[in-house]
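Each chain, written out:
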Amino acid sequence: MKDGWVMVIGLEVHCELKTATKLFCGCPNLFGDEPNTNICPVCLGLPGSLPVLNERAVEMAMAIGTALNCEIRPSTFHRKNYFYPDQAKDYQISQYDEPLNANGYLVLPDGFRVGIERAHMEEDTGKTSHAGTSGRIHGADYSLVDYNRSGVPLVEIVSGPDMRTGEQARAYVTELRAILVATGASDGKMEEGSMRVDANVSVRRSEDEPFGTRCEIKNLNSVRSLGRAIEYEAERQIALIESGESVVQQTRHWDEDAGRTSALRSKEEAYDYRYFLEPDLVPLVPDAEWIDRVASSLDPMPAARRAALVDLFATDGGVSDAQQDLVTTVVDLSLDPLVIAAASAGVAPSLALARTANEAAKSAEAAGRLDPASFVALLALEESGALTATQAKTVLAELLEAGGGDPAAIAKARGFEAMSTDSLAAAVSEAIDAHPDEWSRFCQGDEKDEKKLTGFFTGLVMKATKGQADGKAVAAELQRRRG
Amino acid sequence: MSPTGLGDAAALADGVRSGGVSAAEVLEGYLDRIDAREGEIHAFNLVTAEEARQAARAVDARVAAGEDPGPLAGVPVALKDNLCTRGVATTCSSRILEGWQPPYDATVVTRLAAAGAVAIGKTNMDEFAMGSSTETSATGPTRNPHDTSRVPGGSSGGSAAAVAAGFAPLALGSDTGGSIRQPAALCGVVGLKPTYGTVSRYGLIAFASSLDQIGPFARTVADAALLFDVIGGHDPADSTSLERPAPAITSVLDRGVEGLRVGILSEHLDGAAADVVARTRMAADVLAGSGATVEEVSVPEVKLGLSAYYLIAPGEASSNLARYDGVRYGRRVAAEDTVTMMTQTRSQGFGAEVKRRIMLGTYVLSAGYMDAYYNQALRVRSMIIEGFARAYGTFDVLLGPTAPTTAFALGAKTEDPLAMYLSDVCTIPTNLAGHPAVSVPFGVGDDGLPIGIQILGPALSEGTIMQVATVLEANGGVS
Amino acid sequence: MSTPERLSRDDVAHVAALARLELTEEELERYTGQLAQVLEHAKDVSSLDLSGVAPTAHAMAVVNVLRPDEVRPTLDRAEVLAEAPEVESDRFRVPRILGEAP
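Caption draft 1: Fine view of the sheet that holds strand S8 (residues 127-131) of chain A. Strand order in the open sheet formed by 4 strands is S8(A)-S9(A)-S3(C)-S2(C), with antiparallel pairing between adjacent strands. Both outer strands of the open sheet, S8 of chain A together with strand S2 (87-88) of chain C, are each paired with one neighbouring strand and no more. Relative to strand S9 (residues 142-146) of chain A, S8 of chain A is paired through 5 bridges, and the arrangement is antiparallel. The partner of His 130 of chain A across the bridge, within S9 of chain A, is Ser 143 of chain A.

This is the structure in structure tokens:
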């Protein structure tokens, strides 16, 4: 960020809810089906059809509101009127001045608090594809509409204008995504469009000045493009102001390839949405009992789950910075139950965390389905020395690929049986006999040499035993012999 | 069978259920009458003779198999053309929906079939139910069977005329500001606007969603009650459908009016023609003579109803009719880009009255005017509800004329929208309050044309207002 | 409540564009007069001071009408597309779209 300038960022995140059916009809809420197969009179906007609110969608929205520390309030639905071919009724049913969730906040992992102005329910539009060389709307010859997505439930989460850096915006989206996944309301897939982010960006010379004119940036398909787009946009606005021009309030499109934003529509074309109360729906008034029931059914949120992992290290003097990153990774991937299970079974937390974050995370989906018991059994084998680290990683990969199994049986089938002390000793003797010079240097050598030569002999033993030997056991044997 | 040769629906159903007459014979009788006079009346946009014959045969087969096809066994019913019928053109009398065949049935259509009724055709209406004379129809006006130089009223003029002309013993209409009661009055038949939420709107093509209700037309109060009992009751597909058991008013119609407190609504006498006022007072006398206590009562708030209605209904309509954009169904006018295509489609597809109301509604909802007009009208709506509540603290029902005049001449008001709107002045307040009201024929005016008396009641008082209508019907009302 | 100024031709032209309607000069003139007359009549409502009155949007006071999250039958695609003005690749075809969705 250029010196002498402050950026102000507010984010609007649309999140598709993982219900079985759409918001106002019983059509399946599925991504990727054949076009126009999940449609009925309601989501196709046929004359005479009427919406009926999905109870599960309401509960998911309430869960999101609870997780974001919002007040859950009596709410209503309005019609937002505008003509567009992907909008089946040519109006969108959305919550307007009485949203279900309001006045909440989200705390970033570094403790920074971002206000949540509202988290309201609305319906998604259909999907338009553009025929022509570009595949984009501009320059297309004509367009095709698929209404499978029409009426899919959305929660729009509107933050306060509280963020000041692209990094904060990225952290906000990352944390919000983790929270949404933790509520069970969303799969948080930005790449499939089930989570969509729009950014409002403005600049000013200091925190004391009033907000500058903002622009809304659309088409942010990843956390990375969000950060890039915000920084580009702030620079653009600063350059405008510094050259004596002014920022025009408008919606801008982020072009990932070109790395810049471009205007979609300026304020003079502003729509008049003619919001009015949706007469086909009645007010939604959750009572305290319902709100409590939803809140008590919520699983712990990411922040609490990270804290629980960190707690495992309390007796060892806490986590290192590197381990803190592993904790974040593990919770982001919802793999913390594996670490907790292993630690509860007596496995060292550092080993449980490392194997989960470094190895299990490579196949996070499979790891999420893995029976924690077999994961725990594997780590116990490694910890006891029955398996080397290399062998344990191989067995884990196989467990994940097969979707489970008995780690001991897999190790046996692979021939990963721990060497007897005698065989190990024999292999070490062989290596020493073959390299007497190195051995004598090892025996009298300085610290640096010793480390190098430990590696040298371990390598020889590993080679001779085809990797079956445990590196740590070889080093211990070498030390023992030196006396 | 009555001397006119027209059976009442209850008797027809009994005949069919007992095997005394076949549904097929009943149907052919009505189809013959349609053949004889439909060219002159134009009550229908579509007569579904073949589908009806099939349905009638199916009813007869069930009777032959010893089954009971239901309370409307073999009874032909005409359906207003804004009720969705699967595979059968449903047009709202608009060019924009010309030929559209819905892929689904309205809930009331399903319920009629389940009760053994035979759908005989789709009736003409003001385009999208916007009108009070059935003259805004894209298929041309319906004529009043009592005098074909006169309008049948509207917007459900086709349904009212069909019943009056003997084309069907029963019909369904929809009532947003009087669209069942006013044509019922002008055509000399019974028309009931039920309490908002008692009849499912699923499959009723919306005009103004917070005001629309489907209701029955019949030649007798008892038949209207029978049809209401069949179509009413909770429907989970309509969020505004009341969670109550299906109505059962047929059994309470004969309880009389002894001890009932009847208020004559003075605001509805103001501005009504002298002969209409005279008949209203005669109706009051009949009720008093039958044991009711009758007094005049003023509910000044109802005078604001017309203005509030013409802000609220167009507001909702402008949004409800946005979907006719040429993308998914119905008419499209080809153009180079989508905005032009939508604009051309709508400009050529909608008639003048529909455009007028869409523009009025768009205006009252638009930035800067919403508070002064639309929201203000919603406040007036509260006042009207309050006014009625006050009256119903003292009276069980209210009484007045259904329409200020008898049927007027075709073309008399087509160039003057406000004059046309004024013909709904007596019926509109009921819709704003969500209350039920029935129009029952009660004699004729100086011109020999039918006059309807309207009986209004609080929410869910269908049984009571129909008891009152039964008494009026029995005392020299029917023309 | 103060009553807005009399409806102008420009108001009607603006509203027609919002509603995706195209009017001829003659229609514009006629509708302006007719709508102004209706709004003039509505002054009995628009001129009232109703600041203390709550608006009523629903005649019947019902809340929390919900349906279970259960899949219901969908429509047959062929039957739906048969009613569409123009279809390509099982989608609804529309001419060029000039602007992004709002």
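Let us keep going from here.
Caption draft 2: Representation of the pairing of strand S9 (residues 397-401) of chain B. All names here are of chain B. Most of S9 sits out of view: 5 of its 5 residues are buried. Pairing analysis gives 3 bridges linking strand S7 (residues 261-265) to S9, with the strands arranged parallel. Looking at the pairing, Gly 263 lines up with Leu 398 of S9. Relative to strand S11 (residues 450-456), S9 runs antiparallel, the two sharing 4 bridges. When the bridges of S11 are listed, Leu 398 appears paired with Leu 456.

Caption draft 3: Up close: the packing of aromatic side chains. What the rule picks out here adds up to 23 aromatic pairs over all chains. Taking 3.8 Å as the distance between ring centres and 10° as the angle between the ring planes, the aromatic pair formed by Tyr 96 of chain A and Tyr 275 of chain A counts as stacked. A residue pair is termed long-range when its members are at least 10 positions apart, and Tyr 96 of chain A in the loop between strand S5 (91-94) and strand S6 (101-107) and Tyr 275 of chain A in the loop between strand S14 (260-266) and strand S15 (276-277) qualify at 179 residues. Ring geometry for Tyr 324 of chain B against Tyr 329 of chain B: centres 6.2 Å apart, planes inclined by 80°, an arrangement best described as edge-to-face. Taken together, the ring pairs connect Trp 100, Phe 128, Tyr 324, Tyr 329 and Phe 350 of chain B into an aromatic cluster. One Lys or Arg, Lys 80 of chain A, reaches over the ring of Tyr 273 of chain A and ends 4.5 Å from the middle of that ring.

Caption draft 4: Quick peek at helix H5 (residues 302-311) of chain A. Residue and element names in this part refer to chain A. Among the residues making up H5, those that are buried are Pro 302, Arg 305, Arg 306 and Leu 309. Buried positions in H5, seen along its axis, are confined to an arc of 100° and lie on one side of it. Looking at the buried residues of H5, the elements they touch are helix H2 (166-183), helix H6 (321-332) and helix H7 (336-344).

Caption draft 5: Highlighting the domain arrangement of chain A. Residue and element names in this part refer to chain A. When cut into domains, chain A gives domain 1 (2-296), domain 2 (302-413) and domain 3 (421-482). Look at where the C-alpha atoms of domain 1 and domain 2 centre, and you get two points 36 Å apart. Counting residues at the interface gives 8 residues for domain 1 and 6 residues for domain 2. Summing both sides of the interface, domain 1 and domain 2 together bury roughly 480 Å²; the carbon and sulfur share of this comes to 52%. Together, Glu 175, Ala 178 and Ala 182 form the three largest contributors to the area buried by domain 1 at its contact with domain 2, with a combined 53%. Inspection of the region where domain 1 meets domain 2 yields 1 salt bridge. We note a salt bridge from Arg 306 to Glu 175, for which the minimum N-O separation is 2.9 Å. Partitioned by chemical class, the residues of the side of domain 1 that touches domain 2 number 5 nonpolar, 1 polar and 2 charged.

Caption draft 6: Looking closely at the nonpolar core. Counting residues in each nonpolar core, the largest one holds 175 residues, and the members touching the most others are Leu 11, Met 121, Ile 157 and Tyr 172 of chain A together with Phe 128 of chain B. If one sorts the elements of this core by residue count, helix H13 (residues 371-394) of chain B sits on top with 9 residues. Discounting residues that sit within four places of it in the chain, Ile 157 of chain A has contacts with Leu 11, Glu 12, Val 13, Ile 64, Leu 68, Ile 116, Arg 118, Ala 119, Tyr 172, Leu 176 and Leu 180 of chain A. Of all hydrophobic cores here, the second largest spans 93 residues; its members include Leu 12, Ala 165, Val 189 and Val 277 of chain B.

Caption draft 7: Inspection of the interface of chain C and chain B at higher detail. Each partner contributes residues to the interface: chain C has 51 residues there, and chain B has 69 residues. Taking both sides of the interface into account, the surface hidden between chain C and chain B amounts to around 5,300 Å²; carbon and sulfur atoms contribute 67%. The largest contributions to the chain C side of the interface with chain B come from Arg 20, Met 60 and Glu 83 of chain C, which together make up 12% of the buried area. The salt bridge partner of Glu 86 of chain C is Arg 332 of chain B, with a shortest N-O separation of 3.1 Å. Counting every contact that joins chain C to chain B gives 21 residue pairs in polar contact (both at pLDDT 80 or more). Those elements giving two or more residues to the side of chain C that touches chain B turn out to be helix H1 (9-18), helix H2 (25-41), helix H3 (43-46) and strand S3 (91-95) of chain C. Residue classes in the side of chain C that touches chain B are distributed as 34 nonpolar, 6 polar and 11 charged.

Caption draft 8: Highlighting the pattern of salt bridges. In the structure shown here, the tally under the stated rule is 59 salt bridges over all chains. Notably, a salt bridge pairs Glu 359 of chain A with Arg 355 of chain A, separated by 3.3 Å at the nearest N-O pair. A residue pair is termed a helical-turn pair when its members lie 3 or 4 positions apart in one helix, as Glu 359 of chain A and Arg 355 of chain A do in helix H8 (residues 349-359) at 4 residues. A relative accessible area of 8% means that Arg 355 of chain A is categorised as buried. Linked by salt bridges that have partners in common, Arg 79, Glu 278 and Asp 280 of chain A together with Arg 201 and Asp 238 of chain B make up one network.

Caption draft 9: Main features of H1 of chain C. Within H1 of chain C, burial applies to Asp 11, Val 12, Val 15, Ala 16 and Leu 18 of chain C. What you see down the axis of H1 of chain C is that its buried residues fit within an arc of 160°, all on one side. In this structure, the buried side of H1 of chain C is in contact with helix H12 (352-365) of chain B together with H2 of chain C. A positive backbone phi angle near 55° is found at Arg 20 of chain C, which sits one or two residues after H1 of chain C.

So, how was this worked out
- Residues numbered from 1 in each chain as written.
- Chains lettered and ligands numbered in written order.
- Predicted model: local features only at pLDDT ≥ 70, side-chain atom pairs only at ≥ 80, totals over all residues.
- Heavy atoms only, no water.
- Pairing = 2+ DSSP bridges.
- Helix = DSSP H or I, 4+ residues; strand = E, 2+ residues; numbered from the N terminus.
- Buried < 20%, exposed > 50% of the residue type's maximum accessible area, 1.4 Å probe, protein only.
- Phe/Tyr/Trp six-rings, centres within 6.5 Å; stacked < 30°, edge-to-face > 60°.
- Lys NZ or Arg CZ within 6 Å of the ring centre and 35° of its normal.
- Arc of directions from axis to C-beta.
- Contact = heavy atoms within 4.5 Å.
- Domains from an automatic or database assignment.
- Buried area = accessible area lost by both parts, 1.4 Å probe.
- Salt bridge = Lys/Arg side-chain N within 4 Å of Asp/Glu carboxyl O.
- Nonpolar A, V, L, I, M, F, W, Y, C, P; charged D, E, K, R; others polar.
- Core = buried A, V, L, I, M, F, W, Y, C linked by side-chain atoms within 4.5 Å.
- Polar contact = N/O pair within 3.5 Å; in protein donor to acceptor, adjacent residues only side chain to side chain.

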